[in-house]
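Analysis of the macromolecular model
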Amino acid sequence: MSDALKVGIAGLGTVGASLVRIIQNRANELAVTCGRAIEITAVTARDRNRDRGIDISGIAWFDTPEKLAAEADIDVFVELMGGANGPAADSVRAALERGLHVVTANKALLAASGVELAKIAEEKGALLNFEAAVAGGIPVIKALRESLTGNTVSRVYGIMNGTCNYILTRMEKEGLSFADCLREAQRLGYAEADPAFDIEGNDTAHKLAILTTLAFGSEIAADEIYLEGITNISIEDIRAASDLGYRIKLLGVAQKTESGIEQRVHPTMVPHDTVIAQVDGVTNAVAIESDILGELLMVGPGAGGNATASAVLGDIADIAKSRPGEQRVPVLGTPAASLAPYKRARMRSHEGGYFIRLTVADRTGVFASIATRMAENAISLESIVQRATPEAGDDSPKTIILVTHATTEASIRKAVDAIKTESYLVGEPQVIRIERPKAF
Ligand SMILES: NC(=O)c1ccc[n+]([C@@H]2O[C@H](COP(=O)([O-])OP(=O)(O)OC[C@H]3O[C@@H](n4cnc5c(N)ncnc54)[C@H](OP(=O)(O)O)[C@@H]3O)[C@@H](O)[C@H]2O)c1
């Protein structure tokens with residue numbers, strides 16, 4: 001058997017501690033599968049004295065991740081701290097510069113600096129693996145980076161944030177408000193104390209930016225993503241969507257269009273008889289549409305110590321099985337130097353169906369006025385209905401729900417802006433995009 005693969009781990013939190021436990025408990029099986037032992041020889045975290053429920057006696061402790069990356073006797077540097085900058089970025093760069101292989105679960109780092117890091121890795125002949133950075137345990141990076149080679153991908157989309165999906169699922173199933181569901185997600189440890197990153201869509205955007213690059217061979221463009229979180233989704237939207245045969249999910253969608261690449265993260269209505277609409281709670285799902293294979297949908301655990309550590313371990317095992325100096329797969333699927341410049345498709349040219357919810361004063365002529373505004377912008381309506389509000393009085397505001405056939409975002413914005421000038425409108429119109437999976 002070859003020499004053991006020596007692994008240094010920076011970060012012993014939820015994922016890092018699970019990884020240490022799994023590698024230690026399955027040492028024999030891993031040695032057989034990989035053809036060599038996997039040995040943790042160095043670790044670091046912020047607090048050396050914290051009880052993490054793992055045995056790290058006999059493993060060299062380093063006071064900082066930068067020191068571990070620069071000095072430890074290791075073959076692989078595993079970064080499980082998080083953060084786009086600071087110690088995570090500095091230590092990953094240092095490890096790659098040293099020619100060490102790197103495994104990370106850090107989507108924020110890759111979204112910000114993935115191309116630069118891929119270039120260093122490729123120059124140094126090092127491997128940089130990051131399966132856990134997108135959709136936790138679901139092997140979507142491997143699918144895009146390796147299995148779909150030769151396919152032309154047209155769209156990749158998915159539910160990639162368990163906290164948002166948990167909140168939307170609870171709202172629908174139990175009729176609870178957004179605020180109540182968020183509190184419950186925090187109580188159960190799904191949402192951070194500061195949940196903004198999840199519920200405003202930034203976390204999904206980081207993951208989408210990585211998938212876009214793998215799918216379309218273009219440079220990572222995390223700042224070019226149209227972003228809308230779920231904080232404005234009300235129980236009324238969820239009920240109206242349900243009555244119309246849809247469910248609301250926070251989707252990240254990357255799509256190739258004639259004018260460039262569309263990257264968008266927003267609440268989305270999906271037909272309720274599709275598989276992705278049935279993905280509930282903290283589960284993630286990623287769909288890939290491509291020309292040779294057709295449609296692929298992967299559903300599974302998107303977070304959690306063990307699920308994420310499973311993906312990290314798969315990445316480490318790939319390194320253990322590779323021959324020295326072998327770079328079988330470019331870091332981002334395409335060699336970093338050959339990635340195309342990112343060409344953004346304008347959101348205004350996005351085409352699709354839309355759901356619009358309006359609260360209006362109960363006056364004659366309102367229906368006709370709304371229909372006219374739509375017609376003026378060449379928007380054809382699939383349905384327009386007034387929803388009863390049983391608890392309200394006869395002259396209280398009414399809710400009107402429109403569902404459009406495929407149209408452009410520009411037309412919708414013009415029509416909604418026109419309606420906003422009407423005196424019968426009460427409050428802000430709600431607009432939710434509709435996405436139709438090709439299969440499933
Ligand atoms: N948790 C998940 O389900 C999940 C899923 C997918 C991807 N990820 C990604 O995996 C990474 C780790 O997530 P996590 O949930 O395991 O985080 P976590 O529980 O907060 O753990 C972070 C670890 O990093 C250590 N750390 C932080 N800053 C450090 C520094 N400056 N120097 C040394 N150590 C430092 C912490 O040390 P102390 O313990 O001493 O404070 C802790 O052990 C992140 O990039 C995250 O986005 C997580």
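Residues numbered from 1 in each chain as written. Predicted model: local features only at pLDDT ≥ 70, side-chain atom pairs only at ≥ 80, totals over all residues. Heavy atoms only, no water.

The protein is annotated in an unreviewed UniProt entry as Homoserine dehydrogenase of Neorhizobium phenanthreniclasticum. Per UniProt, the protein has the following entry under Sequence similarities (unreviewed entry): "Belongs to the homoserine dehydrogenase family." (UniProt positions renumbered as here; feature names shortened; annotations may be inferred.)

**Looking at the overall build of the protein**
Scanning the protein from terminus to terminus reveals 14 helices and 17 strands. For the protein, the C-alpha atoms occupy an extent of roughly 80 × 45 × 35 Å along the three principal directions. Per-residue burial over the protein gives 55% buried out of 440 residues. For the protein, contacts bridging at least 24 residues in sequence account for 75% of all contacts bridging at least 6. Here the protein holds 45 positive side-chain charges and 57 negative ones, and the gap between their average locations is 1 Å. (Helix = DSSP H or I, 4+ residues; strand = E, 2+ residues; numbered from the N terminus. Buried < 20%, exposed > 50% of the residue type's maximum accessible area, 1.4 Å probe, protein only. Contact = heavy atoms within 4.5 Å. Lys, Arg positive; Asp, Glu negative; His and termini not counted. Charge placed at Lys NZ, Arg CZ, Asp CG, Glu CD.)

**Focus on the pattern of salt bridges**
Here the idea is simple: oppositely charged side chains can pair when their charged atoms come close. Within the structure shown, the criterion is met by 32 salt bridges. A salt bridge links Asp203 to Lys207, with the nearest nitrogen and oxygen atoms 2.7 Å apart. Of this pair, Asp203 and Lys207 both sit in helix H10 (residues 202–216), four residues apart, roughly one helical turn. With relative accessibility at 5%, the residue Asp203 sits in the buried group. Judged by relative accessible area, Lys207 falls into the buried class, the value being 5%. (Salt bridge = Lys/Arg side-chain N within 4 Å of Asp/Glu carboxyl O.)

**Focus on the packing of helix H6 (residues 140–147) against H10**
Running from amino to carboxyl end, H6 crosses H10 at an angle of 20°, the nearest separation of the two axes being 9 Å. Judged on the interaxial angle alone, H10 and H6 are roughly parallel. Crossing angle aside, the handedness with which H6 passes H10 is left-handed. Contacts between H6 and H10 involve Val140, Ile141, Leu144 and Arg145 from the former and Ile210, Leu211, Leu214 and Ala215 from the latter. A per-class count over the contact of H6 with H10 returns seven nonpolar, no polar and one charged. (Axes fitted to C-alpha atoms, helices over the stretch in contact; angles between N-to-C directions. Parallel < 35°, antiparallel > 145°, perpendicular 65-115°, else oblique. Left-handed = near helix turned anticlockwise from the far one by under 90°. Nonpolar A, V, L, I, M, F, W, Y, C, P; charged D, E, K, R; others polar.)

**Description of the side chain of Arg36**
The residue Arg36 is located in the loop between helix H2 (27–34) and strand E2 (38–44) in this model. One buried charged residue, Arg36, forms no salt bridge at all, with the nearest opposite charge on Asp75 at 4.4 Å.

**Comments concerning the site of the ligand**
Around the ligand, 22 residues are found, and the nearest of them are Leu12, Val15, Asp47, Arg52 and Gly304. Gly13 places a polar main-chain atom, nitrogen or oxygen, 3.0 Å from an oxygen atom of the ligand. Contacts to the ligand include Thr14, whose backbone N or O atom sits 2.9 Å from an oxygen atom. When the ligand is considered free in solution it has 900 Å² of accessible area, and contact with the protein chains removes 79% of it. Across the shell around the ligand, the residue classes break down as ten nonpolar, seven polar and five charged. (Near = heavy atom within 4 Å. Polar contact = N/O pair within 3.5 Å; in protein donor to acceptor, adjacent residues only side chain to side chain. Areas by Shrake-Rupley, 256 points an atom, 1.4 Å probe, with all protein chains shown as cover.)

**Let's talk about the nonpolar core**
One broad rule of soluble globular proteins: the nonpolar side chains tend to lie buried together. Counting residues in each nonpolar core, the largest one holds 84 residues, and the members touching the most others are Phe77, Val140 and Ile167. Setting aside residues no more than four positions away along its own chain, Val140 makes contact with Glu131, Val134, Ala135, Leu211, Val286, Ile288 and Met298. (Core = buried A, V, L, I, M, F, W, Y, C linked by side-chain atoms within 4.5 Å.)

**Notes on the pairing of strand E4 (residues 76–79)**
Side-chain alternation along E4 places Val76 and Val78 on one buried face and Phe77 and Glu79 on a second face that is also buried. The pairing of strand E1 (residues 5–10) with E4 spans four bridges and is classified as parallel. Note that in E4 the partner of Ile9 across the bridge is Val78. In this structure, E4 lies alongside strand E5 (residues 101–104), joined through four bridges in parallel fashion. Bridge pairing links Glu79 to Thr104 in E5. (Pairing = 2+ DSSP bridges.)

**A look at a nonpolar patch on the surface**
On the surface, a cluster of nonpolar side chains totalling about 230 Å² of accessible area is made up of Leu188, Tyr190 and Val282. Among the secondary structure elements, Val282 is positioned in the loop between strand E10 (260–271) and strand E11 (283–290). Val282 sits in the partly exposed class, given a relative accessible area of 32%. (Patch = residues over 30% accessible without salt bridge, like charges linked within 9 Å, V, L, I, M, F, W, Y side chains within 5 Å.)

**Comments concerning helix H7 (residues 162–174)**
With 13 residues, H7 should reach 18 Å at 1.5 Å per residue; the first-to-last C-alpha distance of 18 Å fits that figure. Of all 13 residues that make up H7, ten are buried, and the element is covered over most of its length. For H7, the complete set of buried residues consists of Gly162, Thr163, Cys164, Asn165, Tyr166, Ile167, Leu168, Thr169, Arg170 and Met171. Lining the buried residues of H7 we find strand E7 (153–159), helix H8 (178–187), helix H9 (196–199), helix H11 (235–243), strand E9 (246–257) and E11. Structurally, the start of H7 carries an N-cap: the backbone nitrogen of Thr163 is 3.2 Å from a side-chain oxygen of Asn161. One or two residues past the end of H7 sits Gly175, with phi positive at roughly 65°. (Expected span 1.5 Å × (residues − 1).)

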